[in-house]
Structure formats: C-alpha cells, structure tokens
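Fold and geometry: a report
Chain by chain, the residues:
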Amino acid sequence: MEALGENLETMPRVPLADSHVAELHKLGSECSYSAGEMVAEAGDPMDRFVYVLEGEIEVVDPWSGARLSESSLGPTQFMGEIGFLNAGANFLPMRAAKPTRTLEVPRVAMLDLMARVPELSDHVIRVFSARRRNQFEMNNSAIKLIGADRDAKVQKVEQFLSRNRIPFESIDMDGDDSETIAACAIADHKPSVILGKDRVLDDPSPRAVAQYLNLDLDVCRETLYDLLIVGGGPAGVAAAVYAGSEGLCALAIEDTAIGGQAGTSSRIENYMGFPTGISGADLVYRGQIQAMKFGTRFAMPRTVLGLTRREDGAFCAQLDHGDEVCAKSVLVATGVQYRRLPFDRLEDFEGAGVFYAATDMEARFCHNTEAVVIGGGNSSGQAAMYLSRSARHVHVVVRDGSLAASMSSYLTERLEADPAVTIHYNTEVTALHGEDHLEGVTFTTADGEQHIDTRALFIMIGAAPNTDWLSGLVETDEKGFVKTGAEVGRETSFETGTDGIFAVGDVRSGSVKRVASAVGEGSVVVSRIWDYVYRQPAPASTV
C-alpha cells in the first residue's frame with residue numbers, strides 16, 4: 001500500500017545541484033556553531049532553511065539530551081521536514097556535533113525560490129516527505145502521550161496527531177521499562193500529554209498541542225484572504241491545491257484533521273493511480289503537501305462557528321475562542337459526519353470503547369477483543385477488513401437485508417469470504433453495556449436479542465451535513481445540504497445562491513458521495529472562484 005512519503009532508509013542521497021546552492025548563497029547568510037551548540041530546539045518554528053556547508057548536525061533525544069540516532073546531517077545536506085512549508089515547528093532538537101558552518105535562508109525567501117525553480121522544489125519536498133514518514137513511523141518526537149487508552153482527552157490528542165501524520169510516542173502506563181517509569185513519574189502516574197522534556201499539559205487538547213507545533217496559525221492577522229476554504233477533506237484540499245497554483249491567497253481551516261471523513265478510511269483501493277491502495281489520511285495528506293507548496297496555508301484544529309457579510313462584500317468567519325478571519329470568497333467544503341445514534345450513555349463511552357474512525361490508533365484498542373462495526377457503506381466495509389487484522393473477530397451490523405445498494409461489490413465479496421468477519425443482516429444494535437468503559441452490546445433481530453462482549457464499537461452510519469455555521473447565508477435542502485447550481489438559479493454547479501459563496505463535495509446537495517467526485521469538484525470550482533475574486537474592486541490579497 002502507498003505511504004505518505006518514500007522510505008528514508010533506502011532513498012539514495014543526492015546533493016543539491018551547484019546552481020541551486022548558488023541561488024541559496026544569494027538569498028541566505030552563513031552561520032557558525034560550536035560543538036554542542038543547539039541549532040534548533042523542539043518547538044522552535046521552522047523559519048529558515050538550513051544547508052550544511054561543513055561540520056555535522058545531529059538529532060537530539062529530547063529526554064536524555066543524548067544523540068538520538070547514528071544518522072546525522074553533513075556537508076551538502078539540509079535540515080527540515082514537510083512542516084517547513086506551513087511554518088510548523090521542529091519536532092526534535094538539532095545540535096552541532098562538531099564545529100559546523102551553515103548557509104541559512106529565510107523561509108519565505110526559500111519558498112519563493114522553490115516556486116521559481118521546480119527542480120529544487122521537487123528535491124526538497126521529496127526529502128522532507130520522507131523525513132516526516134520516518135519520524136511518524138519511528139515515533140520520533142518531543143511529544144509523549146501516556147495512557148491514551150484510559151483517558152478521553154489524551155485519546156483525542158492522539159487522534160488529532162495520528163490523523164494529521166504528526167510524530168508522537170504513545171506510552172502504555174502498564175509498561176515497566178525505564179522510559180515508561182520516568183515518563184509516568186513526570187506525569188504523576190496519570191494519563192497525560194508531555195511536551196519536550198518535562199512540560200505536562202494541565203488540560204490536554206488538540207489545540208494546545210497544535211499551538212506548540214505552530215499549526216494553529218496566526219490566521220487572524222490583518223489579512224483579507226482571497227479565499228477561505230472551510231473543511232480539509234478531499235474537496236477542500238483539492239481546492240487548496242488549485243487555489244494556490246492559480247495565485248489566490250487562500251487559507252484552509254479544519255476543525256479536526258486533514259482528510260475529513262475520507263481520512264478515517266484505513267484503505268482506499270478504487271481511487272485511480274493507487275493500484276495497491278492508500279489510506280484516506282495519506283491520500284489527502286499528499287494533497288496538503290501540494291497545496292502548501294503553492295502557498296496555501298492551513299490552520300487546525302479551528303472551528304468556524306458563524307459567518308457574516310460586511311458592507312464591502314467580504315465575508316468574516318467567527319472562529320472558536322473569539323477569533324475572526326475575513327476573505328473575499330468562501331468555499332464550503334465541510335462534508336458530512338457520521339450520525340450519533342440514540343443510545344443511552346453513548347457520550348459516556350465515546351473515547352472509551354465507542355469510535356467514529358478506524359485508523360491505526362483505534363485498531364490498537366481492538367487487540368484481544370471482538371469489534372463491532374455499525375454501517376453498510378464502503379467506510380464500514382474498509383474498517384471491518386482493517387480491524388480484522390487486530391481484533392479477535394469483527395461483527396458488521398447492517399439494518400437492511402443486503403449490501404448491494406450501499407457497498408462496492410469487491411468489499412462485500414471480501415467480507416463474506418473472510419472467516420474473521422461476520423455480517424449480521426436485518427440487525428440493529430439496541431443497547432450498550434459497561435461501567436467506565438464499553439464492555440458489551442446488544443444485537444436485536446426479528447428472532448430476538450443477542451449479547452456480544454466487546455470493548456470496541458465503530459459507528460459509521462448516516463451522513464449529517466456540517467452547515468449550521470453558515471448562519472442562513474445560503475439556502476439548504478430539508479436535510480441541511482447546500483443547494484447550488486440550477487436549484488438556486490446559477491449557471492455553474494458549485495455556486496450557491498449567494499455571490500461569493502461556493503460549495504463542493506459531500507456537503508453539496510445532489511453530489512456523488514465519493515472521494516474522486518469530491519476531488520474533482522474541489523479542483524473545478526477554483527476557476528469560477530478566481531473569476532469572482534478578480535472581478536472585485538480591490539486587488540488580490542497577499543500574505
């Protein structure tokens with residue numbers, strides 16, 4: 001299956017071309033570091049491109065202060081990973097292992113050079129992506145999570161980091177190795193999030209970690225964006241790519257994780273170009289890298305609570321925590337979310353046995369237990385196949401008597417042939433059981449009730465549009481999906497009845513609820529947005 005980047009261990013080391021280094025000399029300045037001097041601390045913003053002229057830079061273990069690995073950076077190599085494109089923060093400290101001389105270029109100047117020299121851009125992004133993959137898979141980070149399986153707040157942080165492909169280390173509180181014992185001592189033997197060497201978050205949340213990583217951007221500075229994209233699923237990220245490539249000053253806001261509902265899919269096999277499959281998170285993450293390459297900025301996790309229109313025609317979105325961001329146009333790409341079923345104590349079990357995604361993180365909680373998946377769509381089928389690798393057995397609960405109308409045939413055939421999966425047709429889950437954690441569920445059929453012992457229930461049913469924040473500025477259908485095109489008297493399919501507001505993807509009334517369709521809509525709509533923005537009296541915005 002495809003991954004988010006190449007394998008750093010097998011990737012050939014290729015130095016930058018002499019002509020590219022010459023361009024760096026024009027834009028940057030030389031710096032010197034003595035042996036043992038820090039080049040960057042964990043949490044420091046990646047505000048400069050660091051190219052090694054002579055000497056050696058090593059990665060530092062943020063806990064012990066010792067060298068983290070045998071690998072290091074020498075002459076002709078450069079520091080950084082993919083977060084550089086979005087002004088992110090360093091995940092790990094970097095230190096001069098010997099007297100070192102570097103060439104350092106300010107980030108904005110480097111991005112401008114990469115935009116002008118595509119060969120250089122390709123080289124840098126290829127290395128950056130491989131490094132992010134390596135850090136993520138090796139759990140190399142200054143962020144440590146303790147007891148995510150026991151605390152809903154810590155689990156939400158882990159979901160945010162995992163789905164955004166941000167490196168972190170997850171520690172089991174029952175471990176007896178020296179690192180676990182030391183970390184638990186710092187956290188006072190409670191489920192916690194530790195940043196750096198010993199900073200324990202008092203109230204763990206995705207936003208607190210995002211602020212540490214500089215992902216919660218200063219979106220509210222005095223900037224009028226050309227385009228505000230609300231939603232970071234396939235449609236929103238595709239629009240972000242094309243908006244940046246067409247020169248629009250765009251900001252994409254996502255309240256949870258890049259990928260949207262598609263990001264919860266562990267394996268997508270019917271998307272063109274990936275014959276061996278790719279996870280939804282990795283697919284959309286690749287698009288995010290492209291968008292950042294073209295200058296589109298991302299801010300997360302931020303929630304848009306409302307939308308107003310100023311007298312000059314610009315739109316202002318009210319964000320959580322009292323912030324506001326304004327733009328000349330708005331693209332609604334908030335997609336849909338799985339419906340919460342009317343179970344007693346459902347909220348008590350969310351994060352304690354009840355999940356709405358089936359990624360690597362959730363699969364860890366399925367070991368030594370049976371898993372139950374509610375839903376008959378492709379997402380539930382993909383989840384069942386993925387979870388069958390770790391759970392003792394997977395039960396798929398389908399209210400109807402067939403999957404033919406809701407699930408791709410290749411998935412249905414695999415589920416029916418897999419001895420580790422049982423499909424329960426004409427069945428509903430009617431009750432949840434447990435004290436502090438889910439311990440079982442009740443199945444109800446025409447023949448009676450059946451109790452299943454489980455500590456992992458996955459709800460993947462229904463599609464509720466995320467449109468309440470639009471504050472009545474656009475027309476929606478009876479289910480809350482945004483009306484566009486001919487329904488509201490517009491020429492193109494993605495225009496709403498309000499000038500300057502567009503809608504794409506699953507949130508749009510009448511759209512085909514597939515990843516490929518969402519990507520196509522997000523790509524096509526940008527030309528119309530460009531026309532609208534450049535008809536406005538003010539010139540295009542710049543950051």
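Note: the structure precedes this text.
No experiment lies behind these values; they were computed from the predicted model shown.

This part takes up a negative patch on the surface. Residues E435, D436, E439 and D453 make up a contiguous surface patch of negative charge. The topology assignment puts D453 in strand β25 (residues 448-453). Look at D453 and you get exposed, because its relative accessible area is 52%.

Empty space among the atoms becomes visible once a probe the size of a water molecule is rolled across them. Taken as a whole and assessed by the stated rule, the structure comprises two cavities of 30 Å³ or more. Computed from the structure, the largest cavity encloses a volume of approximately 150 Å³. Around the largest cavity sit 15 residues that line it, and G83, R132, I166, L215 and M300 are the ones nearest its centre. Looking at which element gives the most residues to the lining of the largest cavity, the answer is helix α8 (residues 280-293), with three residues. Split by residue class, the lining of the largest cavity holds nine nonpolar, five polar and one charged. In this structure, the second largest cavity occupies an estimated 80 Å³ of space. Around the second largest cavity, the lining residues are A40, P45, M46, D47, R48, F49, V50, M79, G80, F84 and N90.

Moving on to the pattern of salt bridges. Under the criterion given, the structure shown has 35 salt bridges. Note that E6 and R126 form a salt bridge whose closest N and O atoms lie 2.5 Å from each other. Pair noted here: E6 is in the segment before α1 (18-27) and R126 is in helix α3 (residues 118-138), with a separation of 120 residues, a long-range link. Residue classification places E6 among the partly exposed residues on the basis of a relative accessible area of 33%. Exposure remark for R126: the relative accessible area of 35% places this residue in the partly exposed category. Between E169 and K144 there is a salt bridge whose closest N-O contact spans 2.3 Å. Of this pair, E169 sits in strand β9 (residues 169-171) while K144 sits in strand β8 (residues 143-146), and the two are 25 residues apart along the sequence. Both residues of the pair, E169 and K144, belong to the buried class. Overlapping salt bridges, with partners in common, bring together E56, E58, R67, R95 and K98 in one network.

What counts and what doesn't
Residues numbered from 1 in each chain as written. Predicted model: local features only at pLDDT ≥ 70, side-chain atom pairs only at ≥ 80, totals over all residues. Heavy atoms only, no water. Patch = residues over 30% accessible without salt bridge, like charges linked within 9 Å, V, L, I, M, F, W, Y side chains within 5 Å. Areas by Shrake-Rupley, 256 points an atom, 1.4 Å probe, with all protein chains shown as cover. Salt bridge = Lys/Arg side-chain N within 4 Å of Asp/Glu carboxyl O. Lys, Arg positive; Asp, Glu negative; His and termini not counted. Charge placed at Lys NZ, Arg CZ, Asp CG, Glu CD. Helix = DSSP H or I, 4+ residues; strand = E, 2+ residues; numbered from the N terminus. Buried < 20%, exposed > 50% of the residue type's maximum accessible area, 1.4 Å probe, protein only. 1 Å grid on protein atoms, 1.4 Å probe; cavity = no way out; pocket = protein on both sides within 12 Å on 5 of 7 lines; lining within 4 Å. Points joined across faces, edges and corners; volume = space filled by probe spheres on them. Nonpolar A, V, L, I, M, F, W, Y, C, P; charged D, E, K, R; others polar.

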